[in-house]
Amino acid sequence: MTEYWSGSITFTGLGSGTDFDSIIEATMEVERYRLNRMETWDAMWSSKLEQVQRISEALSDYKTALKNLNSLGEFLAKTASSSNTSVLSATAGATASEGTHEVVVGQKAQNDIWTTTAGWDSADSVVTTEGGTFAVEYDGETLTLDVPAGTTLDGLVALINAHASMGNSIRASLINDGEQMHLQLRGLDLGAAHAVTILDQGDEALDGLAAGDFEHSQQAQNAKIKVDGYPAAADAWIERETNTISDVIEGVSITLRGVSDGQAVEISVETDTETIIANIESFLEQTNALRDAIRLLDESYTDENGDTVDTTGYMVRGNYGMDIIEQTLQNILSSRGLGFLYYDPTTGSGDVYASLSSVGITTDADENSATFGHLVIEYDVLEAALADDAGAVARLFASENDGVSYDACVSYGSSVATVTKAGAYEVTYTVADGQLVGATIDGQTANVDGWEITSTAGDASGLAVFANIREDGTYTGTVYLRQGKINQTLDAVTSFSTADKGTLQIIEDSYQTIIDNNLAAIEKEEARLAIKQQRLIERYAALEALLGTYETLNTSLESQLSNLSTFA
């Protein structure tokens with residue numbers, strides 16, 4: 001378009017009634033070619049920045065969604081049902097084994113409760129006219145409260161509950177039996193060890209609040225259960241101080257609600273495959289949404305010559321940083337799981353489900369499909385995998401620092417979640433004279449303590465393994481630290497979007513710098529044009545005045561010539 005470039009100007013009508021405004025406007029239009037180019041440049045880079053910011057927002061949403069699915073406890077859904085919910089209820093976590101358990105509840109855990117035998121007419125009744133002390137013993141500690149003269153029953157409750165020590169150990173309240181108000185004290189902790197003892201205060205005792213003035217309305221006691229017939233003796237029990245018991249059956253939390261009168265209550269643990277499938281669908285839905293956001297970068301724009309170009313998005317996608325993001329996510333989702341080993345049916349070692357394709361998840365390559373480019377599920381394959389080993393499927397998606405070794409000479413011990421990187425690590429160790437004398441992990445010298453080997457360097461730092469063969473010799477094995485696809489993706493997304501040095505932030509900062517520099521240049525150009533226009537106005541105003549003078553002179557001359565012709 002001609003307004004972008006300098007060139008010649010043709011004006012008409014200069015011989016009569018000169019339009020200097022049009023001349024100035026046309027001249028300035030030619031002078032604006034640099035500014036027009038800068039403004040087009042600003043629009044283009046602002047569009048690119050907005051697109052990067054949209055991807056940044058999409059990544060933030062993706063990251064939030066992944067965090068809701070990134071642990072086996074959240075992903076591997078299991079249910080626990082009770083055959084008698086009036087006695088107990090149960091929940092199951094990822095580590096719970098499918099099957100049934102029989103639980104007998106002998107008694108629930110209780111706190112200690114004491115209630116005054118005599119009462120007062122109302123909560124406003126004065127309990128002491130002279131003042132005194134009230135004291136209890138709880139968990140081996142004596143707790144004493146000074147009660148001032150004129151304290152009412154309601155006031156005493158408030159003093160007890162507000163006391164720095166007593167209020168953290170017991171809770172006071174009032175019981176209305178229909179005729180009188182009674183003071184009730186209850187220990188705040190369940191279990192036989194947390195008994196409340198009312199202490200006599202002698203001459204300082206408050207009337208009606210001595211030890212003999214209370215009755216023991218509930219005895220502190222532990223919960224007592226038997227699990228799968230253990231312990232077998234009639235008078236032997238598994239005891240806990242709480243009615244929520246989560247450390248007896250692995251992965252199962254039991255909440256006691258009553259006693260079973262010697263009858264066993266059955267707890268059934270099952271894998272909730274529908275929820276697992278829903279979790280997988282959620283992961284894929286969020287992943288596909290991000291892919292769509294990147295695909296939307298393929299938009300068109302009008303270039304500085306007024307032509308439509310279909311590569312605005314490509315200018316963003318072609319950025320090395322955006323290319324890294326897209327390619328990294330694609331590689332994660334299409335490759336073997338980090339730290340996973342393809343299954344070897346001959347040796348029986350490895351992971352049966354080591355990639356998304358192994359559980360029926362692939363990328364739709366049909367360009368005519370509505371889901372082209374999306375991750376899609378072959379439900380028959382996925383459901384068969386879940387029926388075969390739901391735990392292995394869940395591990396593919398949500399495992400984090402899940403260690404395993406398939407070599408007899410070495411076994412996995414532990415790792416540090418925030419330090420040790422997932423992957424496969426070769427372990428070599430030497431035994432001499434019946435002692436472990438040296439070892440390496442991932443080719444680097446490791447610490448040795450008894451039969452434990454710990455890495456202190458590199459990606460394996462914090463990895464601890466155990467030497468299993470203790471005869472003299474040198475042995476080599478491999479330990480695998482597995483990371484599921486969700487956690488692997490989450491780590492990548494986090495690295496892309498960190499506020500200081502994330503890939504997207506670097507791109508945004510780069511584009512913003514270009515925009516800011518261009519805006520500064522636009523301001524300078526606008527200032528130059530303003531000065532140019534003002535000078536043109538001044539010049540043409542002077543020219544117009546000069547032309548006016550000439551026009552007056554011309555009129556005078558014409559008049560004089562006319563007069564001369566009259567005398568001729």
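Note that the structure is predicted; figures quoted are calculated from it, not measured. (Residues numbered from 1 in each chain as written. Predicted model: local features only at pLDDT ≥ 70, side-chain atom pairs only at ≥ 80, totals over all residues. Heavy atoms only, no water.)

Student: Report on the sheet that holds strand S10 (residues 214-218), specifying residues and quantitative values.
Tutor: Taken together, the four strands give an open sheet; going across it, the order is S7-S8-S4-S10, and neighbouring strands pair in antiparallel fashion. Where the open sheet ends on each side, the last strands, each with one partner, are strand S7 (170-176) and S10. The sheet shows a mean angle of 30° between the axes of neighbouring strands, taken without regard to direction. In the sheet, strand S4 (residues 113-116) pairs with S10 via four bridges, with the strands oriented antiparallel. Note that in S10 the partner of threonine 115 across the bridge is glutamate 215. (Pairing = 2+ DSSP bridges. Helix = DSSP H or I, 4+ residues; strand = E, 2+ residues; numbered from the N terminus. Axes fitted to C-alpha atoms, helices over the stretch in contact; angles between N-to-C directions.)

Student: Just give me the short version of the pairing of strand S11 (residues 223-227), but keep the residues and values in it.
Tutor: Most of S11 sits inside the fold, with four of its five residues counted as buried. As judged from the four bridges shared by strand S3 (residues 99-107) and S11, these two strands associate in the antiparallel manner. Counted as the bridge partner of valine 103 is valine 227 from S11. One ladder, built from three bridges, connects S11 with strand S12 (residues 238-240); its direction is antiparallel. (Buried < 20%, exposed > 50% of the residue type's maximum accessible area, 1.4 Å probe, protein only.)

Student: Describe in detail the nonpolar core, supporting the description with residues and values.
Tutor: Counting residues in hydrophobic clusters, the biggest one holds 53 residues, and the most contacted among them are Phe75, Ile280, Phe283, Val359, Ile361, Val393 and Phe397. Elements with a contribution of two residues or more to this core: helix H2 (33-67), helix H5 (273-295), helix H7 (320-334), strand S19 (375-377), helix H8 (379-398), helix H9 (485-497) and helix H10 (503-567). Considering each element in turn, this core owes the most residues, 10 residues, to H8. Among residues more than four places away in sequence, those in contact with isoleucine 361 are Ile280, Leu284, Leu356, Leu375, Val376, Ile377 and Phe397. Core analysis: the second largest hydrophobic core is formed by 24 residues, Leu145, Leu185, Val196 and Leu209 among them. (Core = buried A, V, L, I, M, F, W, Y, C linked by side-chain atoms within 4.5 Å. Contact = heavy atoms within 4.5 Å.)

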